[in-house]
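# Breakdown of the fold
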Amino acid sequence: MGSGIKKTKQVFLDAARQVFAKLGVTGATMNDIAEASKKGRRTLYTYFKSKEEVYYALVEQEMNLIVDKLAAVAAKKDIAANDKLLEFIFTHLECMRDLVQRNGTLRADFFSDIKTIEMLRRPIDQKEVRMLKSILKEGENQGLFAVADFDVAANIALYAMKGLEVPYTRQKLAHTMNDHKKEIAYFLVNGFSRNPSVNVNKATEDYSLQK
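What this report covers is the structure whose coordinates are included nearby. (Residues numbered from 1 in each chain as written. Predicted model: local features only at pLDDT ≥ 70, side-chain atom pairs only at ≥ 80, totals over all residues. Heavy atoms only, no water.)

## With respect to the overall build of the protein
When its secondary structure is counted, the protein shows 11 helices and zero strands. Listing the helices and strands of the protein from first to last along the sequence gives α-α-α-α-α-α-α-α-α-α-α. Considering the protein as a whole, with its 211 residues, one finds that 40% of them fall into the buried category. Sequence separation of at least 24 residues holds for 67% of the intrachain contacts in the protein that already meet a minimum separation of 6. Of the roughly 12,300 Å² that the protein leaves accessible, carbon and sulfur atoms contribute 53%. (Helix = DSSP H or I, 4+ residues; strand = E, 2+ residues; numbered from the N terminus. Buried < 20%, exposed > 50% of the residue type's maximum accessible area, 1.4 Å probe, protein only. Contact = heavy atoms within 4.5 Å. Areas by Shrake-Rupley, 256 points an atom, 1.4 Å probe, with all protein chains shown as cover.)

Laid out in structure tokens, this is it:
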């Protein structure tokens, strides 16, 4: 894609961000986006077939910004894997909070239209899982983690982070979590620890017997 095309497409995305923030995705029209961009509707339809396509492109762009920040954490060389995992988790949560709070495009949908958001996030989730696997493998090589299945462990870590997004974004947990990072680190990382304090196999057996 040429630089001129990229620039024009970005103009439309920037205009859509403003329109969606003001009118909501449901209330906005392609004509509203075209007028806000000061470009013609015909030009807009050259790049996007519908306002939904504009919205999807905008969400993807926002999510890719988060992936870039997480990739920078995952690529750090001078940090132990357990510290890197904790930094990765809080970077994820803080990026999601900042994205939703500053962006009217996502604010309503993030809390109500989970199905659409999850669909749009799927490619991003896959990238996060790969980064988490990399961190977990580093931890095992450093003698910090003992992971039986890296795919399963990485997905569990991702689901744990996603489960905290809404309360963290709504500020219900943000201050508490930041005040208690050591305790949270112990809780999240202990599951991968080479010397966990809980006998997971015994606990699973006991639970199965109770059922």
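## Focus on the side chain of arginine 97
By the element assignment, arginine 97 lies in helix α5 (residues 81–102). Note on arginine 97: relative accessible area 16%, which makes it buried. There is a polar contact of 3.5 Å between the side chain of arginine 97 and the side chain of aspartate 98. (Polar contact = N/O pair within 3.5 Å; in protein donor to acceptor, adjacent residues only side chain to side chain.)

## Let's talk about the pattern of salt bridges
Considering all chains together, one arrives at nine salt bridges under this definition. In this structure, aspartate 14 and arginine 17 form a salt bridge, with 3.1 Å as the shortest nitrogen-oxygen distance. Of this pair, aspartate 14 and arginine 17 are both found in helix α1 (residues 3–27), three residues apart, which corresponds to roughly one turn of the helix. In this structure aspartate 14 comes out as partly exposed when scored by relative accessible area, which is 32%. Arginine 17 sits in the partly exposed class, given a relative accessible area of 22%. The shortest N-O distance in the salt bridge between lysine 133 and aspartate 151 comes to 2.8 Å. Taken together, the residues lysine 133 in helix α7 (residues 114–141) and aspartate 151 in helix α8 (residues 150–169) connect sequence positions 18 residues apart. (Salt bridge = Lys/Arg side-chain N within 4 Å of Asp/Glu carboxyl O.)

## Comments concerning α8
Counted at 1.5 Å a residue, the expected span for α8 with its 20 residues is 28 Å, and the 28 Å between its end C-alpha atoms agrees. Residues Phe150, Ala153, Ala154, Ala157, Leu158, Met161, Lys162, Glu165, Tyr168 and Thr169 constitute the buried set of α8. (Expected span 1.5 Å × (residues − 1).)

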